[in-house]
Amino acid sequence: MKGDKKLSLWERYLVHEIGIEFKACLYFFAVLFFYCVVRIIGGVYSADILHMTQMILACYVICYMQFILFWDFDEADTLGAREISGMVICTALYCALSYVFGWFDRKLTPTLIFAAYILVTYLCVFLIYKTKRHLDDKKLNEELKIFQSEHKK
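Because the structure is a prediction, the values reported are computed rather than measured.

Undergrad: Help me out: how do you make sense of the overall build of the protein chain in this one?
TA: Looking only at helices and strands, the protein chain features 4 helices and 0 strands. N-terminal to C-terminal, the α/β element order of the protein chain is α-α-α-α. The C-alpha radius of gyration computed for the protein chain amounts to 20 Å, which surpasses the reference 15 Å derived for 153 residues by more than 25%, pointing to a less compact arrangement than a globule. Residues counted as buried form 30% of the 153 residues belonging to the protein chain. Within the protein chain, residue pairs in contact and separated by at least 24 positions form 70% of the contacts whose partners lie at least 6 positions apart. Carbon and sulfur atoms make up 70% of the accessible area of the protein chain, which totals about 10,400 Å². Once the 17 positive and 16 negative side-chain charges of the protein chain are each reduced to a mean point, those two points are 4 Å apart.

Here it is in structure tokens:
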């Protein structure tokens, strides 16, 4: 069926994989940025490659967990208890990993600030996705009106 507009299983898989890949890179950038700021404040002007490797792997694993276990909360329509619990659990995972791997030298203050930073990052990503959906809907509605007006003639 060449005219069938439904996505195949492979295409649905790719859509999810690309989304996870994008988010893992986005969150890795956010984590790495915070890590670098903490290092610079501490007078260190280099980043540990092992830490960066741990960070990117953590981002991938947590992004898969977000998708599989936590209902892809950053792409939800609303923020309810379920989505907030997913954000809190994933933030706790990032903080636990940062502490275990010593990203912030196992210091409590940077780790707690990191937790707040990750929560704010999740909220920002949620708002970005929500705004994008709204704008996409608006654009599709405009295109539908144009299509309908052209075909009424």
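Undergrad: Is there a simple way to explain the packing of helix α2 (residues 49-68) against helix α3 (residues 81-101) in this structure?
TA: Think of two packed helices as two axes; the pair is described by the angle between the axes and how far apart they sit. In contact at an axis separation of 11 Å, α2 and α3 are set at 160° when each is read in the N-to-C sense. The angle between α2 and α3 places the two elements in the roughly antiparallel class. Here the hand of the crossing between α2 and α3 comes out right-handed. Across the interface between the two elements, His51, Gln54, Ala58, Cys59, Ile62, Met65 and Gln66 of α2 pack against Cys90, Leu93, Tyr94, Leu97 and Phe101 of α3.

Undergrad: Looking at this model, I keep getting lost on the environment of Pro110. Mind explaining?
TA: Among the secondary structure elements, Pro110 is positioned in helix α4 (residues 108-152). In this structure, the C-alpha to C-alpha distance between Pro110 and Tyr35, residues 75 residues apart in sequence, is 9.3 Å.

Undergrad: How should I be thinking about the packing of aromatic side chains in this particular structure?
TA: Here the distance between the centres and the angle between the planes together describe a pair of aromatic rings. Enumeration according to the criterion identifies 11 aromatic pairs in this entry. Measuring from centroid to centroid gives 6.5 Å for Tyr35 and Phe104, while their planes differ by 50°, and the two rings are tilted. Of this pair, Tyr35 sits in helix α1 (residues 9-41) while Phe104 sits in the loop between α3 and α4, placing them 69 residues apart in sequence. The pair Tyr35 / Phe104 is uniform in exposure class, with both members buried. Through pairs of rings, three or more aromatic residues link up here, namely Phe34, Tyr35, Trp103, Phe104, Phe114 and Tyr117.

Undergrad: Sorry, what's going on with a nonpolar patch on the surface here?
TA: On the surface, Leu79, Ile84, Val88, Leu119 and Leu123 cluster together into a nonpolar patch covering about 360 Å² of accessible area. Elements represented by at least two residues in the nonpolar patch include exactly α3 and α4.

Undergrad: Would you explain the nonpolar core in this entry?
TA: Where a protein is soluble and globular, its nonpolar side chains tend to be buried together. Val31, Tyr94, Trp103, Phe114 and Tyr122 are the most contacted members of the largest nonpolar core, which totals 29 residues. A total of 8 residues in this core trace back to one element, the largest contributor, which is α1. Excluding residues that lie within four positions of it along the chain, Tyr122 makes contacts with Tyr27, Ile62, Gln66, Phe73, Met87, Cys90, Thr91 and Tyr94.

Undergrad: Sorry, what's going on with α3 here?
TA: Each α-helix turn comprises 3.6 residues. Residues three or four places apart therefore point the same way. The terminal C-alpha atoms of α3, which comprises 21 residues, lie 30 Å apart, in line with the 30 Å expected from a rise of 1.5 Å per residue. Considered for burial, the residues of α3 that qualify are Glu83, Gly86, Met87, Cys90, Thr91, Tyr94, Cys95 and Ser98. What you see down the axis of α3 is that its buried residues fit within an arc of 165°, all on one side. Projecting away from the buried face of α3 at angles above 90 degrees are the exposed residues Ala81 and Val100. Elements in contact with the buried residues of α3: α1, α2 and α4. Gly102 sits one or two positions beyond α3 and adopts a positive phi of about 70°.

Cut-offs applied
Residues numbered from 1 in each chain as written. Predicted model: local features only at pLDDT ≥ 70, side-chain atom pairs only at ≥ 80, totals over all residues. Heavy atoms only, no water. Helix = DSSP H or I, 4+ residues; strand = E, 2+ residues; numbered from the N terminus. Rg over C-alpha atoms; globule rule 2.2 N^0.38 Å. Buried < 20%, exposed > 50% of the residue type's maximum accessible area, 1.4 Å probe, protein only. Contact = heavy atoms within 4.5 Å. Areas by Shrake-Rupley, 256 points an atom, 1.4 Å probe, with all protein chains shown as cover. Lys, Arg positive; Asp, Glu negative; His and termini not counted. Charge placed at Lys NZ, Arg CZ, Asp CG, Glu CD. Axes fitted to C-alpha atoms, helices over the stretch in contact; angles between N-to-C directions. Parallel < 35°, antiparallel > 145°, perpendicular 65-115°, else oblique. Left-handed = near helix turned anticlockwise from the far one by under 90°. Phe/Tyr/Trp six-rings, centres within 6.5 Å; stacked < 30°, edge-to-face > 60°. Patch = residues over 30% accessible without salt bridge, like charges linked within 9 Å, V, L, I, M, F, W, Y side chains within 5 Å. Salt bridge = Lys/Arg side-chain N within 4 Å of Asp/Glu carboxyl O. Core = buried A, V, L, I, M, F, W, Y, C linked by side-chain atoms within 4.5 Å. Expected span 1.5 Å × (residues − 1). Arc of directions from axis to C-beta.

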